[in-house]
Amino acid sequence: MTLKGRLEEDLHAAMKARDELLTSTLRMAIAAVRAAEVAGPAARELSDDEVLSVLTKEAKKRREAATAFADAGRTEQADKERAEEEIISRYLPSQLSDRELADIVSKALAEGDFAGPKSMGPAMKAAQAAVAGRAEGGRVAAEVRRQLAG
């Protein structure tokens, strides 16, 4: 079963169970996937990797919104955003630890023979491919930058 199919199946189960938070979060996630499917010159079905990318962006939006609401003193809304992020995270691969990320980036840089800050762009591309969505882009960029400088 595709990831999008799993989201839709879980949505139907949540609707039957009358779980409002799960239902609204899955609807939002499916809407984001469908919007990505029709973006561009022609509508198309997204691959599981592309759906993962959309879900990763949605989880990041929730995390950032929760921080903004918490900073503004709106704890109830921040809690809701955190709960939505947790639901979306169930569909994402487990995130790499800092040590695992450093090892993967180190290997990708060695394989591509990247050195120095000028190779940041190609090095990031190689590192992102090696990480395959198991770490946020910001974390990957910081690690690549650290290793290229060191």
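Residues numbered from 1 in each chain as written. Predicted model: local features only at pLDDT ≥ 70, side-chain atom pairs only at ≥ 80, totals over all residues. Heavy atoms only, no water.

In the nomenclature of an unreviewed UniProt entry, the protein chain is known as GatB/YqeY domain-containing protein of Planosporangium thailandense.

### Some details on helix H5 (residues 98-112)
Helix length check: H5, at 15 residues, gives a terminal C-alpha distance of 21 Å against a target of 21 Å (1.5 Å per residue), a fit within 8%. Among all positions of H5, only Leu 101, Ala 102, Val 105, Ala 108 and Leu 109 are buried. The arc enclosing the buried residues of H5, seen along the axis, measures out at 135°, which places them on a common side. Among the exposed residues of H5, those pointing more than 90 degrees away from its buried face are Arg 99, Lys 107, Ala 110 and Glu 111. Residues of H5 that are buried in the fold lie against helix H6 (120-131) and helix H7 (137-149). Looking one or two places after H5, you find Asp 113, whose phi comes out positive at around 55°. (Helix = DSSP H or I, 4+ residues; strand = E, 2+ residues; numbered from the N terminus. Expected span 1.5 Å × (residues − 1). Buried < 20%, exposed > 50% of the residue type's maximum accessible area, 1.4 Å probe, protein only. Arc of directions from axis to C-beta. Contact = heavy atoms within 4.5 Å.)

### Focus on the pattern of salt bridges
One pass over the full model with this rule turns up 17 salt bridges. Ionic pairing is found between Lys 60 and Glu 64, a salt bridge with its closest N-O pair at 3.9 Å. Of this pair, Lys 60 and Glu 64 both sit in helix H3 (residues 48-71), four residues apart, which is roughly one turn of that helix. Where Asp 103 meets Arg 99, a salt bridge forms, and the shortest distance between an N and an O atom there is 2.6 Å. With Asp 103 and Arg 99 both in helix H5 and four residues apart, the pair spans about one turn of that helix. The partly exposed category is assigned to Asp 103, whose relative accessible area is 40%. Each of the salt bridges in this network shares a partner with another, and the network as a whole consists of Glu 58, Lys 61, Arg 62, Lys 80, Glu 81 and Glu 84. (Salt bridge = Lys/Arg side-chain N within 4 Å of Asp/Glu carboxyl O.)

### A closer look at the environment of Ala 130
Turning to its location among the elements, Ala 130 is positioned in helix H6. According to the relative accessible area criterion, Ala 130 is partly exposed, its value standing at 32%. In this structure the C-alpha to C-alpha distance between Ala 130 and Ile 104, which are 26 residues apart in sequence, comes to 6.7 Å. Not counting residues within four places of it along the chain, the set of residues in contact with Ala 130 comprises Ile 104 and Ala 108.

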